Amino acid sequence: MRIATWNINSVRLRIDIVLRLLDELKPDVLCLQEIKCLNDQFPASALAAAGYPHIAVAGMKSYNGVAIISRLPIEAHEVTHWCGREDCRHVAATLPGGLEIHNLYVPAGGDIPDPAVNDKFKHKLQFLDEMTAWWPAARPGDRKMVLVGDLNVAPLEHDVWSHKQLLNVVSHTPVEVERLVALQASIGWVDAIRKFVPEDQKLYTWWSYRARDWALSNKGRRLDHVWVTPPLAGALTGHGVVREARGWEPKPSDHVPVWADIAI
């Protein structure tokens with residue numbers, strides 16, 4: 001099974017490159033973040049025509065929103081809200097055989113890494129803390145689960161273009177990394193992509209729109225992740241980051257797709 005994740009930054013605006021990815025990568029499941037549309041506005045018919053008729057969506061107007069699209073039947077799905085807000089950041093789907101896929105969009109956190117003066121950063125930390133407490137209570141680590149999405153934290157030194165220069169930049173600050181490490185440890189999540197790519201190798205999934213030439217400057221960060229529970233760690237058989245998608249026209253996302261193959 002090939003499972004891919006992509007922060008698409010408006011699915012309706014970028015449906016052409018979503019269809020291109022489905023054609024070229026042929027994932028069994030694609031999880032999208034920041035779909036930025038209501039459920040009834042989601043381009044389900046175009047995706048069904050491409051061979052992905054099974055869809056679980058948690059959408060909202062103009063902001064956030066997550067969706068799981070699948071070749072395989074979705075036997076059940078649920079939407080979970082965090083921090084007392086219904087802002088559509090977590091949708092889960094159960095596939096045949098009981099495999100659970102959780103698609104997450106963690107808050108970005110704004111620009112100032114201080115929860116005392118930045119409510120967006122405070123929200124991000126609270127979101128990560130709530131999830132860390134929720135998993136052991138709601139979903140034990142002995143279940144076959146996959147967690148994917150834009151987690152908006154680049155935890156490792158070589159997940160960013162400059163560890164030293166980004167230590168005080170939101171997405172790579174020590175307090176965020178500490179929270180993400182705690183979340184990963186909550187039920188023993190395994191970082192699927194770093195299982196294949198050593199931690200001393202640079203690995204990015206996001207390049208800012210602000211860069212005049214993103215490819216030349218290559219100032220990236222790894223914000224998009226694929227994790228699996230321990231029962232699936234030995235079943236990982238492949239991975240990839242579709243770096244070239246950062247330049248796909250007519251309107252690229254600032255994130256690129258990430259995928260993992262799992263022998264189910």
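Structure's up top.
In what follows, the accompanying structure is described. (Residues numbered from 1 in each chain as written. Predicted model: local features only at pLDDT ≥ 70, side-chain atom pairs only at ≥ 80, totals over all residues. Heavy atoms only, no water.)

What follows deals with the sheet that holds strand β2 (residues 29–33). Pairing is mixed across the open sheet formed by six strands, whose spatial order is β3-β4-β2-β1-β14-β13. Either end of the sheet is taken by a strand with one partner, and the two such strands are β3 (54–58) and β13 (236–241). For this sheet, the mean inter-axis angle between neighbouring strands, taken without regard to orientation, is 10°. Note: β3 against strand β4 (residues 66–70), five bridges, orientation antiparallel. The partner of Ala-56 across the bridge, within β4, is Ile-68. In this fold helix α1 (residues 15–25) packs onto β1 (2–7), β2, β4 and β14 (258–262), with an angle of close to 160° to the strand it touches most, β1. (Pairing = 2+ DSSP bridges. Helix = DSSP H or I, 4+ residues; strand = E, 2+ residues; numbered from the N terminus. Axes fitted to C-alpha atoms, helices over the stretch in contact; angles between N-to-C directions. Contact = heavy atoms within 4.5 Å.)

Now for the packing of aromatic side chains. Scanning the entire structure with this criterion turns up eight aromatic pairs. In textbook terms, an aromatic cluster arises when at least three aromatic residues are bridged by ring pairs, as seen for Trp-82, Phe-127, Trp-134, Trp-135, Trp-189 and Trp-227. Directly above the ring of Trp-259 sits Arg-2, whose terminal nitrogen or CZ lies 4.0 Å from the centroid. Geometry around Trp-161 places Lys-219 over its ring, the cationic atom sitting 4.6 Å from the centre. (Phe/Tyr/Trp six-rings, centres within 6.5 Å; stacked < 30°, edge-to-face > 60°. Lys NZ or Arg CZ within 6 Å of the ring centre and 35° of its normal.)

In this structure, the amide linkage connecting Glu-249 to the following residue, Pro-250, adopts the cis form with an omega of 10°. Relative to the assigned elements, Pro-250 resides in the loop between β13 and β14. Of note in the backbone geometry, Lys-26 takes a positive phi value of approximately 55° without being a glycine. Among the secondary structure elements, Lys-26 is positioned in the loop between α1 and β2. Notably, Lys-36 is not glycine yet its phi reads approximately 55°, a positive angle. Inspection of the secondary structure puts Lys-36 in the loop between β2 and α2 (44–49).

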